[in-house]
Every structure is written in structure tokens, then in C-alpha cells.
Amino acid sequence: MPIVDEPVHPAWLPPGAWRPITGRRVRVTGEGLLVRTVLAELRAAGATLVETDGDVEFGLGGDPALDGEGFEIVRRDGRTLIRAAAPHGLLHSLFHLLREAPAGRYRPAVDRRMVDHWDNVDVHPVMGQVERGYAGGSLFWRAGEPRRDLPRVAAYARLLAACGVNAVALNNVNVHATETRLLTDRLAEVAELAAEFRRYGIRVHLSVSFAAPVHHGLPGADPLDDRVVAWWAEATRAVYEMIPDFGGYLVKADSEGQPGPFTYGRSHADGANLLAGALAPHGGVVHWRAFVYNHRQDWRDRSVDRARAAYDHFTPLDGAFRDNVVVQVKHGPMDFQAREPVAPLIAAMPATRLAVEVQATQEYTGQQRHLCYLAPMWSSLLRGTDGPAIAGVAAEMVAVANTGDDPFWTGHPLAQANLYAFGRLAWDHTLDPVTILDEWTGLTFPGASPALRATLHAVMDGSWQTYERYTAPLGVGFMVRPGHHYGPDVDGYEYTPWGTYHHADRDGVGVDRTVATGTGFTGQYPQPWASIYESAADCPDELALFFHHLPYGHVLRDGRTVIQHIYDTHFAGAAETAEMRRRWQTISDEVPTELFRRVAGLLNEQVRSAEEWRDQINAYFLRKSGVPDEHGRPIY
Ligand code: GCW
């Protein structure tokens, strides 16, 4: 089917975003692919390229301490001088100029800032073209064939580079038969995409199946079998022959039915080191996911706790991985809920290179039908507001992509801010989410009026907490419809094998994860967090039901009982969505019509869905507990 070109929204790089460059005399020295990209961008932005005395000068030869991607901005006599140690730094500095970055030295907090696509080549019968994708189809494949809209891929690469991303995994971590061939006879498709990303300093990675040798005729995939070792070495050599700057492999092994080393009685270290050995001669890395748990649990057995699984599997392997293995850990111990504590594994692998994975695609945070600005969540995890800090421990940051072939890239136009904010926070963990939103607004809506800025802050800054208020209470999680995960279903997962329970009964609710009387999960944390979480009196309210089974009458730190907190937050959260919708109507003249309408329509759905959540959660807990709302509001 031919691709029908729809006008694509420019996201944070509309022509107006280039005002700091347009019309200026710019001098660029240096050569190579990325310098040519910088020159092309400057030309397109309407800069005058000069040989001497530019108003803006980009050059190499900066302090080597700035490493491959850092740069220095000096402002002197009305001129802007940029020095980088390598061309990557020049590219990043260009985009920093659009944000009117002040003079100073800049370098990223972590070396790799990666976006992982869960794109399938074939349309999966249940998951579709993109697993957990809420932004249309894949940018790379459509119905089993390469989509080949390379200008669109280049535009995407440019957006990623402009927010600081430098690596992308193209395909889903659940690798089906067709996708296994991307590594072999369909490698040319990957090479074609890699060429577009390369121009923006982004390296391409592939998700691979641990059983790939079996798909290609070997009797097994035992990591200690010489034939398997040789197969991976040869397959990898062929990849680098075609894609010399290939980033490496991403692997979901022994997880939710994906194959892995356990089949052969081998460990995750054996498995990861096998691939690392094949990649090492070429400079590639393996991202080996720690999302390993028993998804066939007996709900009757309260001694098994899914939250414990990653730590239990991986901490004994600390120090056993080769240097080019990166263990990739989800930020929380469960699965991308709106509220979870930091995964304790992150604080327990001092001898292992770790990447922390967050989910920009809004599987459990409204599926890009609800507005939910995630930067405040990510920032608080990085800073360690309510648990061990991720910043300083994670060597890399990864986001599951929220993008697709939707004309707004992200389905909900305002969800673009999540991708932008991920890149910026991965580059600089200390940035304030409110400042990032301002930056994003300034780029996306050049010349935004104070009213538009104020409205975007009003509807976005607190939207994650609003979402949290009207959905699963106090950190308990997973009260969603099984399968697609949209909308409320309090008991949907309660008696299933997935390990995601809330244990509500007539007396109370929550999972006892204490050492004293529960699953012992709190003991996986370093002090002081182990003690803070262990104590119902000290545990932060937002995590109260994650760590404790509490009576409905238990008084939380904020002075309210658990049951009254549930009622109050659900009424408040739903009311906040109505207010968001009202605020949005006030700026209809200030944003492009299509964007205004798309957001307005989605806010209608958000208000409807939030009311549904409010009423189901409140009705469920009133019926279970028999405790009425102190304020006598309608509960059904
Ligand atoms: O949250 C679960 C999702 C799966 C996903 C899995 C994972 C790609 O529901 O769709 O599979 O996490 O992260 O591997």
C-alpha cells in the first residue's frame, strides 16, 4: 500500500524555533558527517555561512574533558563561540542554542540516552503494529514490510537529537519469528534506517531473540555451546560489515515467555556474556533486561512477590557480567505503574553497568488519551525524593518510545513533551520539570503568549498527580482492565497468574511487603529506606499500600484515614480533569486549530474516563468497607 503523506506536525522544531540562528552570520570549522549535518541545519534555518568572523562560531578543539558530546559556550563582545572536543558536541550545541542556553560548559550526565521502540514488523494479532503503542503505526514498518518513509525517519532522528537522545532500538523486545530475520536476511532494512539516524549522531540497536540460532537451523541456543558462540560471532560480524557503527543488542530473556538461558540451565550472566563476546570486537553492547519474574504465579500463594523478582535473580550476578553488558532495569519493581518505589535492584549492583528504563509510552498512565506529563515522576525518581536516587547510579537512561506514524508523532499532541523531557532529563538530571516544560513550550509554540504558557503549566505541571489521584490509590497499582490496560477494573488482576494483587477485603487493602510479617521485600532496600518502608508510620503516603496491608481506618501521615483518602483523592482527581478541560478552551486562538481540536477531544475522553475511575474505585471500597464518605458525596 502506498504511504499517503499527511502533514506532519513539526513538534519542537518548527521554523520559528530557529529564531536564535536565523539571519545570523555563522562560521563552522571541522569536517565529517555531523559537521555537514550542522551546516545543513544552519542553511535551512536561514543563517549566512561565513568563512571568518561569524556572530556565532562553531569549532572543534575544545577541552578533551568535555568528552565526545560535551561543549562550551562562550559569549564575548556580542559573539557566541562554541568549542567541542568532537563533532557530536557541535551537533548538541546547535540545539542548545535554540534553547538560548547561557554561556557555560555542557556535557551529558550519562553517555547513552536511548529510546526503545516496541515496534513489530508484522502486525501482531493482539498487540498490533506497535506493542503498547498509542500513536498510530510504526515509523519503520507497516504490515510486514519496511515503511520506507525515510524523510519522516530523518525528521524523527532530528527531533531525538534535538532533545539529546543518542541511541535507538528499532524493534520490540518481544521478538517474533519475522523480527528475528532483521538480524540476518532483513538486515538491509536496518541499515537503511541506521543511515538516517547516523546523520543525527544516533546509533541503532536491535532487539534480538535469545533463540535466534534455533530460528536459523541450530538445534539449540545454549550459551556455552561452541556452535552457538560461533553463530553469534558470525551473525554479529555480518551486522557490523553492513552497519559499522551498530550499537548492539537488546534482550528480553526468560521473561513473559521469551526464550533465554534458563532453558539450558545457564544463568543470565552466561546468556548476556555470550552476546557481549560476539559484540566486543566491534565495540557494541548488550542491553540485558532485568524484567524477569514468574508470570504464572498462583494467586493463592502469598509468599511469592513479583516485586522481589528482579533483585532475587540479578544481585547474585553482580560482577559476573562482561564490561560491555548493560543490565537494563525498569524504574520500579513491578511494571510502570503511575506510582512505584524505585526498584531496589538499582541500588544493589555496584559492580554492574546499569541502564534505567522508564516508559514514555503511556501504557499505565492514560495511553496518550489522558494528558499525563511524566517529567515530575522521572525527576523525583532521579533525585530520590521518596527512595534511593537513580541519578549517579544509572550509567544510562532508556525510555520506551511513545511515538508512531500519527501526524502529531505521539497521539496526544501534548505527550510530545514527555519524549522531549525524557531526553532533557537524561542529559541533565538536575533540570526542573517546570523549566523543561517552559523550554518545550518556547520551541513548540514560538512566541507563546503569557496566557498560553500559563495554561500549559496549569494543565500539564500537575497532570501526573491528577492521574494518580483518580486511578489506583496509595501506590497499590494494577486496577486496570486486563489485557489492554485502559480504564478501571479493580479486581481485573486479583485472581490471575500475573503477580499483581491489591488484597482488598472488608477490613483493609494493600500488600504486606514488610520483613516482619510480609514478603520481606522492604529488606531489599539499603538503609534508611528499608526501615522507612518497613514502618507503616514512616512510609510515604503515596506508597502506603504498596508496602503495607492497612485497615481502612488507618490514619495516614496526612491525617486522613485510608478510606477517606481514597474518596477525597478520587473526587479531587476527577474534578481536576474537568478544570483542565475548561482551561484548555481558553486558549483556542493561540494554538493551531488541528492541535487545539485533537487535545480538546482527548480531554473530553479524559474527563469521562476519570469519572468512571472515580465512581468504580469509590463504589468498590464503599461496598467492601461499609464506611461512608465523611462528606456524603455520591457513591454508587
Ligand atoms: O508491561 C509489560 C507490557 C508488555 C511488555 C512488557 C515488557 C514488551 O504489558 O507489553 O512487553 O511489559 O516490558 O517487556
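Residues numbered from 1 in each chain as written. Predicted model: local features only at pLDDT ≥ 70, side-chain atom pairs only at ≥ 80, totals over all residues.

Under an unreviewed UniProt entry, the name given to the protein is Xylan alpha-(1->2)-glucuronosidase, and the organism recorded is Actinoplanes auranticolor.

Chemist: I would appreciate a short explanation of the UniProt feature "domain: Glycosyl hydrolase family 67 C-terminal" (unreviewed entry) in the protein in the present structure.
Modeler: Taking the numbering used here, the UniProt-annotated feature "domain: Glycosyl hydrolase family 67 C-terminal" (unreviewed entry) corresponds to residues 410-633. Secondary structure across residues 410-633 divides into 49% helix and 2% strand, with the first and last C-alpha atoms of the span separated by 37 Å. (UniProt positions renumbered as here; feature names shortened; annotations may be inferred. Helix = DSSP H or I, 4+ residues; strand = E, 2+ residues; numbered from the N terminus.)

Chemist: Explanation requested: the environment of R27 in the structure shown.
Modeler: Take R27: it is sitting in strand β1 (residues 25-28). Taking the C-alpha atoms as reference points, R27 and G54, separated by 27 residues in sequence, lie 5.0 Å from one another. Among all residues touching R27, those that are not within four sequence positions of it are V50, E51, T52, G54 and E57. (Contact = placed C-beta atoms within 7 Å.)

Chemist: What should I look at first to understand helix α10 (residues 375-383) in this one?
Modeler: Along an α-helix, residues three or four positions apart point the same way, because every turn accommodates 3.6 residues. Among the nine residues of α10, seven are classified as buried, and the element is accordingly described as predominantly covered. Taken residue by residue, α10 has A375, P376, M377, W378, S379, L381 and L382 as its buried positions. Buried-residue contacts for α10 involve β17 (353-359), α11 (416-427), α12 (433-444) and α14 (463-470). Two residues or fewer after α10 comes G384, characterised by a positive phi angle close to 80 degrees. (Buried ≥ 20, exposed ≤ 12 C-beta atoms within 10 Å, placed from the backbone.)

Chemist: Can you help me understand the sheet that holds strand β4 (residues 71-76) in this one?
Modeler: For sheets, the rule is that strands pair by backbone hydrogen bonds, running either parallel or antiparallel. Strand order in the open sheet formed by six strands is β2-β1-β3-β5-β4-β6, and the pairing between neighbours is mixed. The open sheet has two edge strands, β2 (48-49) and β6 (104-106), and neither has a second partner. Running over the sheet, helix α1 (residues 33-44) touches β1, β2 and β3 (56-60) and is turned about 170 degrees from β1. (Pairing = 2+ DSSP bridges. Axes fitted to C-alpha atoms, helices over the stretch in contact; angles between N-to-C directions.)

Chemist: Sorry, what's going on with the nonpolar core here?
Modeler: Nonpolar side chains in soluble globular proteins tend to be buried together. Core analysis: the largest hydrophobic core is formed by 189 residues, its most contacted members being L160 and V286. Ranked by residue count, the leading element in this core is helix α18 (residues 593-625), at nine residues. Contacts of L160, omitting those with residues within four sequence positions, involve V115, V165, V168, Y200, I202 and G423. (Core = buried A, V, L, I, M, F, W, Y, C linked by C-beta atoms within 7 Å.)

Chemist: How do you make sense of the sheet that holds strand β13 (residues 203-207) when you look at a structure like this?
Modeler: Spatial ordering of the closed barrel is given by β7-β12-β13-β14-β15-β16-β17-β18, a layout of eight strands whose pairing is parallel. Pairs of neighbouring strands in the sheet enclose a mean axial angle of 25 degrees, with direction left out of account. Relative to strand β16 (residues 325-330), strand β15 (residues 285-289) is paired through four bridges, and the arrangement is parallel. Of the residues in β16, the one forming a bridge with H287 is V326. On the sheet, helix α5 (residues 187-198) packs against β12 (167-169) and β13 and is oriented at approximately 145 degrees with respect to β13. Contacts between α11 and the sheet are confined to β7 (112-116), β17 and β18 (396-400), with β7 contributing the most and set at about 155 degrees to the helix.

Chemist: Please explain the domain arrangement of the protein as it appears in this structure.
Modeler: Reports of interface size often rely on the accessible area that becomes lost once the parts have come together. If you check the domain split of the protein, you get domain 1 (15-106), domain 2 (110-289) and domain 3 (468-625). Each of domain 2 and domain 3 was reduced to a C-alpha centroid, and the two centroids are 35 Å apart. (Domains from an automatic or database assignment.)

Chemist: How should the pairing of β1 be read in this particular structure?
Modeler: Residues in a regular strand project their side chains so that they alternate between the two faces of the sheet. Direction of pairing for β1 relative to β2: parallel, over a ladder of two bridges. Bridge pairing in β2 places V26 opposite L49. As for the winding sense of the linkage, the β-α-β connection from β1 through α1 to β2 is right-handed. Two strands pair when backbone bridges link them, and β1 and β3 are joined in this way by three bridges, in the parallel orientation. Counted as the bridge partner of R27 is E57 from β3. (Right-handed = clockwise from strand over helix to strand, strands pointing away.)

Chemist: Sorry if this is basic, but what is going on with the UniProt feature "domain: Glycosyl hydrolase family 67 catalytic" (unreviewed entry) in the protein here?
Modeler: In the numbering used here, UniProt assigns the "domain: Glycosyl hydrolase family 67 catalytic" (unreviewed entry) feature to residues 106-383. The span residues 106-383 carries 28% helix and 18% strand; its end-to-end C-alpha distance comes to 20 Å.

Chemist: Help me understand the pairing of β15, please; the structure alone is not making it clear to me.
Modeler: Taken across its five residues, β15 has five buried, putting it largely inside the fold. After leaving strand β14 (residues 248-251), the chain enters helix α8 (residues 268-279) and then returns to the sheet as β15, a path that is right-handed. Read as a crossover between parallel neighbours, the route from β15 over helix α9 (residues 309-314) to β16 is right-handed.

Chemist: When you look at α14 in this model, what are you seeing that I'm missing?
Modeler: For α14, a buried count of seven out of eight residues is recorded, marking the element as mostly surrounded by other parts of the structure. Inspection of α14 places S463, W464, T466, Y467, E468, R469 and Y470 among the buried residues, and these make up the whole buried set.

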